[in-house]
Every structure is written in structure tokens, then in C-alpha cells.
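These are the residues of each chain, in order.
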Amino acid sequence: MDRVDQIGPDEHVRGPQDAALTLIEYGDFQCPYCARAHAALSGLSAELADELGGIRLVYRHLPLADRHPLAELAAEAAEAAASQGKFWDMHDILFEQQRTVMDKQDLAVLAESLDLDIERFRADVLERRHRPRVQGDLERAHHDGATGTPTFFINGQRYRGDSDQASLRQALTAALGR
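Residues numbered from 1 in each chain as written. Predicted model: local features only at pLDDT ≥ 70, side-chain atom pairs only at ≥ 80, totals over all residues. Heavy atoms only, no water.

**Student:** Just to check I follow, could you spell out the overall build of the protein for this structure?
**Tutor:** Scanning the protein from N- to C-terminus turns up 7 helices and 5 strands. Computed over C-alpha atoms, the radius of gyration of the protein comes to 16 Å, within 12% of the 16 Å expected from 2.2 N^0.38 for 178 residues, which places it in the range of a compact globule. The C-alpha extent of the protein, read off along each of the three principal axes, is 50 × 35 × 30 Å. Per-residue burial for the protein yields a buried fraction of 52% across its 178 residues. Summarising the internal contacts of the protein: among those between residues at least 6 apart in sequence, 77% fall at separations of at least 24. For the protein, the exposed area adds up to about 8,600 Å²; of that, 47% sits on carbon and sulfur atoms. Distance between charge centres in the protein, computed from 20 positive and 30 negative side chains, equals 3 Å. (Helix = DSSP H or I, 4+ residues; strand = E, 2+ residues; numbered from the N terminus. Rg over C-alpha atoms; globule rule 2.2 N^0.38 Å. Buried < 20%, exposed > 50% of the residue type's maximum accessible area, 1.4 Å probe, protein only. Contact = heavy atoms within 4.5 Å. Areas by Shrake-Rupley, 256 points an atom, 1.4 Å probe, with all protein chains shown as cover. Lys, Arg positive; Asp, Glu negative; His and termini not counted. Charge placed at Lys NZ, Arg CZ, Asp CG, Glu CD.)

**Student:** What am I meant to see in the nonpolar core here?
**Tutor:** The tendency in soluble globular proteins is for nonpolar side chains to be buried side by side. One finds Leu 23, Phe 29, Met 90, Leu 94, Leu 107, Phe 121 and Leu 172 to be the most contacted residues of the largest nonpolar core, which totals 44 residues. A per-element tally of this core places helix α1 (residues 32-52) first, with 8 residues. Those residues in contact with Leu 107 that lie beyond four places of it in its chain are Leu 70, Leu 73, Ala 74, Ala 77, Met 90, Leu 94, Val 101 and Phe 121. One finds Val 4, Leu 138, Ala 146 and Phe 153 within the second-largest nonpolar core, a separate group that totals 10 residues. (Core = buried A, V, L, I, M, F, W, Y, C linked by side-chain atoms within 4.5 Å.)

**Student:** Would you take a moment to explain the pairing of strand β3 (residues 55-61) for this structure?
**Tutor:** In summary, the side chains of a regular strand alternate between the two faces of the sheet. Summarising burial for β3: 7 of the 7 residues are buried, a large majority. Side chains Ile 55, Leu 57, Tyr 59 and His 61 of β3 all project onto a buried face; the interleaved residues Arg 56, Val 58 and Arg 60 project onto the opposite face, where all are buried too. Judged from the 7 bridges that link them, strand β2 (residues 21-27) and β3 form a sheet pairing that is parallel. In the strand pairing of β3, Leu 23 is matched with Leu 57. (Pairing = 2+ DSSP bridges.)

**Student:** Would you mind showing me how to read the state of the cysteines here?
**Tutor:** When the sulfur atoms of two cysteines share a covalent bond, that bond is a disulfide. In total, this model carries 0 disulfides according to the counting rule given. The cysteine Cys 31 is free of any disulfide, with Cys 34 supplying the nearest cysteine sulfur at 3.6 Å. Among the residues examined, Cys 31 registers a relative accessible area of 2% and is labelled buried. Under the relative-accessibility criterion, Cys 34 is labelled buried at 0%. (Disulfide = S-S within 2.5 Å.)

**Student:** Please explain the packing of aromatic side chains as it appears in this structure.
**Tutor:** The relative placement of two aromatic rings is captured by the distance of their centres and the angle of their planes. In the structure shown here, the tally under the stated rule is 7 aromatic pairs. Between Phe 29 and Phe 95 the ring centres are 5.0 Å apart and the planes differ by 45°, which places this aromatic pair in the tilted class. One end of the pair, Phe 29, is in the loop between β2 and α1; the other, Phe 95, is in helix α3 (residues 87-96), with 66 residues separating them in the sequence. Among the aromatic side chains, those forming a connected cluster through ring pairs are Phe 29, Tyr 59, Phe 87, Trp 88 and Phe 95. (Phe/Tyr/Trp six-rings, centres within 6.5 Å; stacked < 30°, edge-to-face > 60°.)

**Student:** For this particular structure, what's the right way to read the packing of helix α2 (residues 71-82) against helix α5 (residues 118-126)?
**Tutor:** Helix packing for two helices is described by the angle between their axes and how far apart those axes are. Two elements in contact, α2 and α5, have axes separated by 9 Å at closest approach and are oriented at 140°. Here α2 is positioned oblique relative to α5, judged by the angle of their axes. The element α2 and its partner α5 pack so that their crossing is right-handed. Residues Leu 73, Ala 77, Ala 80 and Ala 81 of α2 lie in contact with α5, whose contacting residues are Phe 121, Asp 124 and Val 125. (Axes fitted to C-alpha atoms, helices over the stretch in contact; angles between N-to-C directions. Parallel < 35°, antiparallel > 145°, perpendicular 65-115°, else oblique. Left-handed = near helix turned anticlockwise from the far one by under 90°.)

Now the structure itself:
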């Protein structure tokens, strides 16, 4: 299997290809700590882009279905949005609206708000068309030693700190030797 920091062509990547920092996140759209990390990273990406030469974020699914019953379906919904070119839009709204997402219908409401082809989206989710992609990320997570969420790797090195903005800022700047 690939190294943790080897980024495949079909992965979800946000940020410049030549960024000084690559942050890989294994996340769960129903995990409150992942939502906190999302908010922290959104602020840091803009704040530190010039100072650190950009941050490239790679998102991989690690739905913890035993703790979050809607986690797998939310990950598959993000993949259904990805099939329509809107992964990051769905990624962001799933975290930003996390407390309001309680069932499949709530996922469809989010999809509608993103102007997705709702019939295609519903069919994708209902038929679980994107389950293999999510399962592939789960297998890779286990290979890479990610068992909880969020799990981060900064430039290929496992980060074991907190997911708040101050801790992540410190880890990112430390990864550049600053």
C-alpha cells in the first residue's frame, strides 16, 4: 500500500500543488472534533497562506459508524457531491451544518442547497454507489494507523496534538522549522 503522504490523482485536495505544507486529514463528517478542526483549518488556511507558502489539505474518509450512525452515509453523500464536482462544497457544509444533519433527508436538503442534480444525488446515496470509495479510505486509514478522528499527518508525519486553531498553527509552523 502507498505511503501516507503519497497523494493519488483521485484524492480530494484543496490548496496549491506546490504548497510548503501538506496536511492530510482522516475525518468523519459527524465527529464534533472534526467540525472544530474544520473551523480552525478554514481560518488558518487563509491566515497562513502567504506566511507559510500555502497549505494543501487532503481529506480522506474515516467514518466512525459505531459512534456516529450517519457517518458512512455522510461520507457517501460527499462522494455523491464529488461526482458532480462539488466535494469541497459538501465537505464544508457537512461540517458547518453538522448539528442539523440527522438523517438522509437532511443530506438531500444540503445537496439541494448546493444546486446538485438532486435525483442523481438521491440515487447515488440510496444505491450506495460511492461506498467502495469510502471503504477504500477506511482501509487506507487502518494501514496508516488512523483509528480516531480527526487524525492528521503534516508533511507525512503523524500529528498527535489537539485540533484547535492554536495547536494546529503551532504544529504547522513547527513543520517548517519556524
